[in-house]
Amino acid sequence: MNRLFGKNVIKIAAPQDRKELKFEMLHDHDGFNSINVRFFNADNSPITIDFSDLAIQMLFDPDTESTSLGEFEYVKAIENGFEVCGDFGIIWVYCDSSSPKL
């Protein structure tokens, strides 16, 4: 998971059934390769999502001349889930699994 920190987020998805929260990030700016980070429950039950200071907006990166939702800054384990932080804000995901594993 550490190799993903600092990558630019291009998509955040939480399906209506709340089975997962997924972040898609640029892995390689030249080839537009992406990598996903998923948060979910191993038994496929719905997850709970809460947030603080959520600001989903397009940001321009002059170094790569690209636009994204900002950087994926860190993920840390919290009681019953994970704290996800990035330029988009802080999201608490209450679930038991992540892929890749934290």
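Structure's up top.
Residues numbered from 1 in each chain as written. Predicted model: local features only at pLDDT ≥ 70, side-chain atom pairs only at ≥ 80, totals over all residues. Heavy atoms only, no water.

Visitor: So what exactly am I meant to see when it comes to the pairing of strand β7 (residues 72-78) here?
Guide: The two faces of a sheet get side chains in turn, since along a regular strand they alternate between them. Here six bridges tie β7 to strand β8 (residues 81-86), and the two strands are oriented antiparallel to one another. Looking at the pairing, K76 lines up with E83 of β8. The hairpin formed by β7 and β8 contains two residues between the paired strands, and N80 there has a positive phi angle of roughly 65°. (Pairing = 2+ DSSP bridges. Helix = DSSP H or I, 4+ residues; strand = E, 2+ residues; numbered from the N terminus.)

Visitor: I would appreciate a short explanation of the packing of aromatic side chains in the present structure.
Guide: Two descriptors summarise a pair of aromatic rings, namely the distance from one centre to the other and the angle between the planes of the rings. For the coordinates displayed, the defined rule picks out five aromatic pairs. Measuring from ring centre to ring centre gives 6.1 Å for F5 and F72, while their planes differ by 35°; the resulting arrangement is tilted. Of the two residues, F5 is situated in the segment before β1 (9-13) and F72 in strand β7; the sequence distance between them amounts to 67 residues. On the accessibility criterion, F5 (25% relative accessible area) is partly exposed. The exposure class of F72 is buried, given its relative accessible area of 0%. Feature note: the residues F5, F23, F39, F72, F82 and F88 constitute an aromatic cluster, connected by ring pairs. (Phe/Tyr/Trp six-rings, centres within 6.5 Å; stacked < 30°, edge-to-face > 60°. Buried < 20%, exposed > 50% of the residue type's maximum accessible area, 1.4 Å probe, protein only.)

Nothing here speaks to function; it is all geometry.
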